Amino acid sequence: MAERITDIGPPKYDKFLPPVIKENYGKWKYHEILEPGVLMHVSESGAKVYSVRGGAARLVTTDLVKELCDIADKFCDGYLRFTSRNNVEFLLTDQGKIAGVKDACKKMGVPIGATGHSVSNIVHTQGWVHCHTPAIDASGIVKSVMDDLFDYFGSHKLPAQVRIALACCLNMCGAVHCSDIAILGIHRTAPKVNHDRLRHLCEIPTTIAACPTGAIRPHPDKSIKSVVVNEERCMYCGNCYTMCPALPVFDSEKGGVALLVGGKVSNSKTPPMFSKLAVPYLPNNPPRWPEVVQAIRKIITKYAEGANKWERVGEWVERIGWEKFFEVCDIPFTFQHIDDYRWAYDTYRTSMHFKF
Amino acid sequence: MALSKEELVEFIYDMVLKAQGKKQLKAMDLQKAVLKAHPDQDKTMVKFAIKELIDTGRCVYTYFGGSFVEIPHEEGAAKH
Amino acid sequence: MSDTPLLDQLESGPWPSFVKDLKRVAARKPAAKDLLKQLDRSYKDKITHWKHGGIVGVLGYGSGIIGRYSDLPDEFPGVEHFHTIRVNQPSGWFYTTQALRDLCDIWDRHGSSILNVHGSTGDMIFLGTTTDELEPTFAELTAKGWDLGGSGSAMRTPSCCVGKARCEYSCYDTMDFCYEMTQEFQFDMHRPSFPYKFKIKCSGCPNDCVAAVARADLSVIGVWKDDIRIDQAAVAAYHAGEIKPRGGGSPYAKLDVKADVTDLCPTACMSFDGKKLAIDNKNCNHCMHCISLMPQALRVGTDTGATLLLGSHAPILEGAQMSWVIVPFTEMEPPYDNIKELIANIHEWWSENGKNRERVGELMLRLGMRNFFKSVGLEPPSQTVRTPRANPFFFWHAEDFEAEAAGRKYIKI
C-alpha cells in the first residue's frame, strides 16, 4: 500500500498559466470587448492579452476536448482555460491570430460569444444523462433553448447580460436560484412504493430516516415489511429514492418544467436577488421541449422591449411590478405563485403600490 | 478512562456493526458516542481511528443524502 | 432504423450538439453507445433510468465518486455501472494542453470518454465507469498529480473566478486563496465528517462571477475600502463618445455619464457636471456599476481585501438562502491563517450542533446569530444586518449586565 498517493489536491495553478498571464498577474488595468466573444485585457506594463471565448456543450467527450487542445496548440502555445459558465477561452498575445482561432472554432462548430450583454452558456445539471432524481433532461433542453437563443449568444443586443441556468429537480445541484431565468424540473406527485422490491432491496429504518419532512412511516401491516408515504407532507426531493430504489418519484405524465425569473448574483446597482416563480408548469416534452423554448423566448423578447438600459431581468420586473410582468408575458397567475412555505409573508404586498 | 488506539478502533467498529441495517451513523455521531462513554478521549484520536477503519476496508463511507460510516455491504441499487 | 430516433433530432441547429459529439465516441465505446440508447429511452418514457449508488468509492476516501446504476441493465449492459469521478480542477480552470490530454487519455483508458468541463461544483467530472475501474483511474490520476474533489457531507472542492490572473477588478488573489484552502482542508474533503456539505467559493469583486453569494456556505468576495481611482480624461472621453461603455459589450454606442452612471448610482454618492466626475467614496457601497460601465476611467481602490459571508444554499430544506456578511473586511495575505482558523472554528461549532443534512446557514437561523458569533469568536459587525429587528423580543443575558456594569458595549469575545 505504500505507493498509494492520496490527499495531494489539484496541481498548483501556476504550472498552467501562459507567460503573459504570469508576467502580468495582478497588474491588469482595463479591458475592452473588441467584438462579441473577443476580449482584450491591457496591463499596466502595456502588455495585452486577447481572449477568444467559445461555447461548448457542458457534456462533452475526450474527442472534443482534444480538438480544443489542437486549437490551443496551434495558436496559443498549448494553453487554454474554461470559464465558470462552461465556455472555453483561447488566450493570445498576437492580435493577428484571433481570426485563425475564430476560424478553427467555426470549423469545429464552437460558436464565439458569451461576452457583455449576451445570453451566455446555460449552466446546468446532469438530467437523464446521469442523475437518479431528475424530472427532466438537462442537456437536451439546454440545446433546444440555446438553438433558439443562438443569436443572443454571439451579440450584445440586450439591455444587460442574461444568465440562464437549469436544474433538473428541486435539489438544484446547479444552484440556479439566482439566475435571470432558471429552468427547473419539477415532480408533482409523491413516490410510488413498490412493496415487493422494497422488501428485497431496502432497509426500512434508514429509508424512513432519509425523509427530510418525516413523511415516511412503516407500513401499518407489519407482515408487508414496507413503508407508506404521507403524500401531503412529501415535497418530491427524491432523497428516499436515493436511499431506496423501490421508491421512484417519477411520473412520466405529471413531471415537467417550471420557470423562475429575475435572479442575479452581481451587486451592480441592486443587491443580489433570488429568481421567483414565473411559470409553475410546462409539459415535459422531449426531444425539443417547444413549450419551454417558446416561454423563454417570450420572456426575453418582452424584457428586451421593456427594460431600461443596463437593467437586468429582475430589475426590470421589480420596476414594472410582477402583476405587469405576468400581463406583458401572458402568463396566468395561479395559486402556485403565492408562497406558502417557510418565509411566505415576506412576499405579500402590504402597500398600495400596485397597478391595475 | 481514555481508550488506547486499538481499543478505540474496536469500540467504534462495534458501534457501527451494531447499528448496521438499523441506523446510519455519521462520523460525528461516532465521536459524540465515544466522548460520552469516555469523556477524556482525545477528539483527534477518534478522527484517526475512523480513518484507520476506512483505510483497512473494515468500514466504508457511504452517501445516501448524507455521508455515513458503515460496514461494507451490497447496496440495493447494485442489485438487479 | 436508428437506435436513438429522438436524440437524433438534437443533432441539428446552431448550438453545439452533445448528441453528435457523443455519437463519435459511441462508435468505439460500448458504454457511450448504451448511454445514448438509454437516454433515448428516457426521452421516450420521460423518466430517468438511473439508480443511486452510495457505497462505491476509492479506498480511504468517502468523496469524489458518485455511484450510478442503470435500472435497465439487461437492455443496456454497457451502463450497468456508470459511476462518476470528480477530478479537482486547477484554480481558475487554466490548463496546458499536455495536462488536458493526459486527463483525456486516462479517461479513454478507464471510462466512457464522456465528461463535463466542468460540473457545478467546479470539478472536472468524468461520467461513467465501472466499480473495477475506480482504483486504476485514481492511481493514474494521482500519479499525474491530480486528486479527487469533494462530495457528500464533506468540504467540497473550493472554486474561484479568474481573479488577478486576468481581471482588473479582482481585489484579492482568488486563485491562490482557492488553492490554499483546497490544500488546507484535504482531510475534510476526502473524509466526509460534517453534518452536510460545506462549500467555499471565491469571487474577486462584487460582480461575483462564481455566484459565491448564492451557492457557497462560505462566500469570499473581494472588496476595497479606500477610494475608486478616477482617470478624469478617460471619463471625458467616455462622455464624448470616444470610448464605448462597458468595454464595448453593450448595444449602446455612447455613454451619458450623468444618465447612465451617476443617476443610477444606488447611493447617489457621485455627481458629474459635464466635465468632472466626483465620488463621495465614504458613501460608496461598492456596487461596481460605474466601474463596469467605464473600465478605462474607473478602477477599484488599492486598499483591498475580502468580505466573508456565510450561509447560502439551494432551497433544500427550509428555502434558499443567500450568504450574509459576517466579516465586512479582512486582508487577504498568504498563508491566510486567520481565515483558516475561522473556518476551523465554524466547522467545529457546526459539527457540534448541526443535525444530519443541516447546512451551516440553517443552523445559524436555528440557534441564532449570537450563538454563532460568540462560538466562533467574532464581534457582531453592524454590516451583518440590512436592518435591525422591528420586534421587541430581545433578551438580556447575565453577561450583558456584566458588560454594562463594566462599561463595555459588548461582552468580551
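Conventions and cut-offs
- Residue numbers here run from 1 along each chain, matching the order of that chain's written sequence.
- Ligands are numbered from 1 and chains lettered from A, in the order in which they are written.
- For this predicted model, a pLDDT threshold of at least 70 governs which residues receive local features, and a threshold of 80 or more governs which side-chain atom pairs are given and counted, while totals over whole chains, interfaces and linings are taken from all residues.
- Water and hydrogen atoms play no part in the side-chain values, which are based on all heavy atoms of the structure.
- The definition of a nonpolar core used throughout is a set of buried Ala, Val, Leu, Ile, Met, Phe, Trp, Tyr and Cys residues joined through side-chain atoms within 4.5 Å.
- In this scheme, a residue with accessible area under 20% of its type's maximum is buried, one over 50% is exposed, and one in between is partly exposed, where area comes from a 1.4 Å probe on protein chains only.
- To qualify as a helix, a DSSP run of H or I must reach at least 4 residues; to qualify as a strand, a run of E must reach at least 2; elements of each kind are numbered from the N terminus.
- Domain limits in this description derive from either an automatic procedure or a database domain assignment.
- Note on definitions: a residue-residue contact is assigned when non-hydrogen atoms from the two residues lie within 4.5 Å.
- Here, any two strands with at least 2 DSSP bridges between them count as paired.
- Each Phe, Tyr or Trp ring, with Trp reduced to its six-membered ring, pairs with another whose centre is within 6.5 Å; inter-plane angles below 30 degrees give stacked pairs, above 60 give edge-to-face pairs, and intermediate values give tilted ones.
- Two parts placed together each lose some accessible area under a 1.4 Å probe, and the buried area is that loss summed for both.
- The rule for a salt bridge is simple: a side-chain nitrogen of Lys or Arg has to be within 4 Å of a carboxyl oxygen of Asp or Glu.
- For the purposes of this analysis, a disulfide is any pair of cysteine sulfur atoms at a distance within 2.5 Å.

*Asks:* Any details on the nonpolar core? Residues and values, ideally.
*Replies:* In terms of nonpolar packing, the biggest core is built from 113 residues, with Phe 90 of chain A together with Phe 198 and Ile 326 of chain C touching the most fellow members. Ranked by the residues each element gives to this core, the list is headed by helix α2 (residues 62-75) of chain A, at 7 residues. When we break this core down by domain, the ones giving at least three residues each are domain 1 (5-143) and domain 2 (159-225 + 303-405) of chain C. Ignoring anything within four residues of it in the chain, the contact list for Ile 326 of chain C reads Leu 308, Leu 309, Leu 310, Ile 346, Met 364, Phe 372, Phe 373, Leu 378, Pro 381 and Thr 384 of chain C. Counting 71 residues, the second largest nonpolar core, distinct from the first, contains Ile 296, Ile 299 and Val 313 of chain A together with Trp 15 of chain C.

*Asks:* I'd like a rundown of the pairing of strand β5 (residues 79-82) of chain A, residues and numbers included.
*Replies:* Alternating positions in β5 of chain A separate into two faces, Tyr 79 and Arg 81 of chain A on one and Leu 80 and Phe 82 of chain A on the other, with burial throughout. As judged from the 3 bridges shared by β5 of chain A and strand β4 (residues 94-96) of chain C, these two strands associate in the antiparallel manner. Bridge pairing links Arg 81 of chain A to Phe 94 of chain C in β4 of chain C. The pairing of β5 of chain A with strand β6 (residues 87-92) of chain A spans 2 bridges and is antiparallel. By the bridge assignment for β6 of chain A, Arg 81 of chain A is matched with Glu 89 of chain A. The hairpin turn running from β5 of chain A into β6 of chain A, its antiparallel successor, is 4 residues long, and Asn 86 of chain A in that turn takes a positive phi close to 65°.

*Asks:* Any details on the environment of Asn 24 of chain A? Residues and values, ideally.
*Replies:* Considering the arrangement of structural elements, one finds Asn 24 of chain A in the loop between α1 (19-23) and β1 (28-35). Linking Asn 24 of chain A and Lys 48 of chain A, residues 24 residues apart in sequence, is a C-alpha distance of 9.2 Å. Beyond its immediate chain neighbours, meaning those up to four positions away, Asn 24 of chain A contacts Ser 43, Ser 45 and Ala 47 of chain A together with Lys 164 of chain C.

*Asks:* Give me the lowdown on the packing of aromatic side chains, citing residues and values where you can.
*Replies:* Summed over the entire model, instances satisfying the criterion amount to 30 aromatic pairs over all chains. Relative to Tyr 95 of chain C, the ring of Phe 16 of chain A lies with its centre 6.2 Å away and its plane at 25°, an arrangement referred to as stacked. Taken as a pair, Phe 16 of chain A in the segment before α1 and Tyr 95 of chain C in strand β4 lie in two separate chains rather than in one. What makes Phe 16 of chain A buried here is its relative accessible area of 4%. Between Trp 322 of chain A and Phe 325 of chain A the ring centres are 5.3 Å apart and the planes differ by 75°, which places this aromatic pair in the edge-to-face class. Of this pair, Trp 322 of chain A and Phe 325 of chain A are both found in helix α11 (residues 322-328), 3 residues apart, which corresponds to roughly one turn of the helix. Across the pair, Phe 325 of chain A and Trp 322 of chain A agree in class, each one buried.

*Asks:* Lay out the interface of chain C and chain B in plain terms, naming residues and giving numbers.
*Replies:* The interface of chain C with chain B comprises 30 residues on the first partner and 26 residues on the second. Carbon and sulfur atoms supply 56% of the area buried between chain C and chain B, which totals about 2,300 Å² over both sides. By the criterion of area lost to chain B, the three top residues of chain C are His 52, Ile 55 and Phe 187 of chain C, representing 25% of everything that side buries. Joining chain C to chain B, the criterion identifies 1 salt bridge. Linking Lys 43 of chain B and Glu 348 of chain C is a salt bridge whose minimum nitrogen-to-oxygen distance equals 3.6 Å.

*Asks:* Hey, could you go over the state of the cysteines for me, with residue numbers and the actual values?
*Replies:* Tallying each qualifying case throughout the model produces 1 disulfide over all chains. A sulfur-sulfur distance of 2.1 Å marks the disulfide that ties Cys 202 of chain A to Cys 244 of chain A. Handedness here is read from the sign of the S-S torsion; for Cys 202 of chain A and Cys 244 of chain A, about 75°, the answer is right-handed. Residue Cys 202 of chain A is found in the loop between α6 (195-201) and α7 (204-209), and its partner Cys 244 of chain A is found in the loop between α8 (239-243) and β12 (256-261); the two are separated by 42 residues along the sequence. The pair formed by Cys 202 of chain A and Cys 244 of chain A is uniform in burial state, with each residue classed as buried. With no disulfide of its own, Cys 209 of chain C lies 6.2 Å from the sulfur of Cys 161 of chain C, the closest cysteine sulfur. Its relative accessible area of 55% is what places Cys 209 of chain C among the exposed residues.

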